[in-house]
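Now for the letters of each chain:
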Amino acid sequence: MIHTRTSERNRIHKILQDANIKLTFVLSDIFGVSGRCILEALMNGEKIEIQHLRQMVNGRVKADIKIIEKFFY
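In what follows, the accompanying structure is described. Keep in mind that this is a model prediction, so the values were computed, not measured. (Residues numbered from 1 in each chain as written. Predicted model: local features only at pLDDT ≥ 70, side-chain atom pairs only at ≥ 80, totals over all residues. Heavy atoms only, no water.)

**Details of the layout of surface pockets**
The criterion, for reference: A 1.4 Å probe that fits into a set of points on a 1 Å grid over the protein atoms alone but cannot get out defines a cavity; an open set with protein on both sides within 12 Å along at least five of seven lines defines a pocket, and lining residues are those with an atom within 4 Å of a point. Grid points are joined across faces, edges and corners, and a volume is the space filled by probe spheres set on the points. The helix and strand labels rest on DSSP assignments: H or I over at least four residues marks a helix, E over at least two residues marks a strand, and numbering proceeds from the N terminus. Under the convention adopted here, Pro, Cys and the residues Ala, Val, Leu, Ile, Met, Phe, Trp and Tyr are nonpolar, Asp, Glu, Lys and Arg are charged, and Gly plus all remaining residues are polar.
When its volume is computed, the largest pocket comes out at roughly 210 Å³. Residue lining of the largest pocket: Ile-12, Ile-15, Leu-16, Ala-19, Ile-21, Phe-31, Arg-36, Leu-39, Glu-40, Leu-42 and Met-43, and that is the complete set. For the lining of the largest pocket, the leading source of residues is helix H2 (residues 33-43), giving 5 residues. When its residues are assigned to classes, the lining of the largest pocket shows 9 nonpolar, no polar and 2 charged. Looking at the second largest pocket, the residues that line it are Leu-27, Ser-28, Asp-29, Gly-32, Val-33, Ser-34, Gly-35, Asn-58, Arg-60, Val-61 and Lys-62.

Have a look at this one:
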């Protein structure tokens, strides 16, 4: 099961990199709380507004919220 989970995470990383979505620059773990919220919004096709982004990002992220906002806008 661990091998399957790792394979799926690597596949998601590759899909994001191919789509030029480099979340790892601003999030140390894209499968953490903040990363999963952002990924879910992207998968649902939502336009991520700054206010909504601030609610999604946990205080324990790698980058400052201002850097994350610049990443998206």
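Next comes the rest of the description.
**Some words on H2**
What counts, and what does not: Exposure categories follow from relative accessible area, calculated using a 1.4 Å probe and restricted to protein chains: below 20% of the type maximum is buried, above 50% is exposed, and the middle band is partly exposed. To be clear, the arc concerns the directions from the helix axis to the C-beta atoms. We call two residues in contact when some of their heavy atoms are within 4.5 Å.
Of all the positions in H2, only Ser-34, Gly-35, Ile-38, Leu-39 and Ala-41 are classed as buried. Down the axis of H2, the buried set is contained in an arc of 160°. They therefore lie on one face. Buried residues in H2 make contact with helix H1 (2-18), helix H3 (50-56) and helix H4 (65-72). A positive backbone phi angle near 75° is found at Gly-45, which sits one or two residues after H2.

**Here we look at H1**
Spelled out, the test is: The length a helix should cover is 1.5 Å for every residue beyond the first.
Spanning 17 residues, H1 covers 24 Å between terminal C-alpha atoms, matching the ideal 24 Å at 1.5 Å per step. At the exit of H1 stands Asn-20, carrying a positive phi of roughly 65°.

**Quick look at unusual backbone geometry**
Positioned with a positive phi, Asn-20 is a non-glycine residue whose angle comes to about 65°. Secondary-structure assignment places Asn-20 in the loop between H1 and H2.

**A short note on the pattern of salt bridges**
To keep things clear, this is the line we draw: Here a salt bridge means any side-chain nitrogen of Lys or Arg lying within 4 Å of a carboxyl oxygen belonging to Asp or Glu.
A full pass over the atoms with the stated rule returns 3 salt bridges. A salt bridge links Arg-11 to Glu-8; its shortest N-O distance comes to 2.7 Å. Taken together, the positions of Arg-11 and Glu-8, both in helix H1 and 3 residues apart, correspond to about one turn of that helix. Taking relative accessible area as the criterion, Arg-11 reaches 44% and is therefore assigned partly exposed. The closest approach of N and O atoms between Lys-14 and Asp-18, which form a salt bridge, is 3.0 Å. With Lys-14 and Asp-18 both in helix H1, this residue pair falls 4 residues apart, about one helical turn. Look at Asp-18 and you get exposed, because its relative accessible area is 57%.

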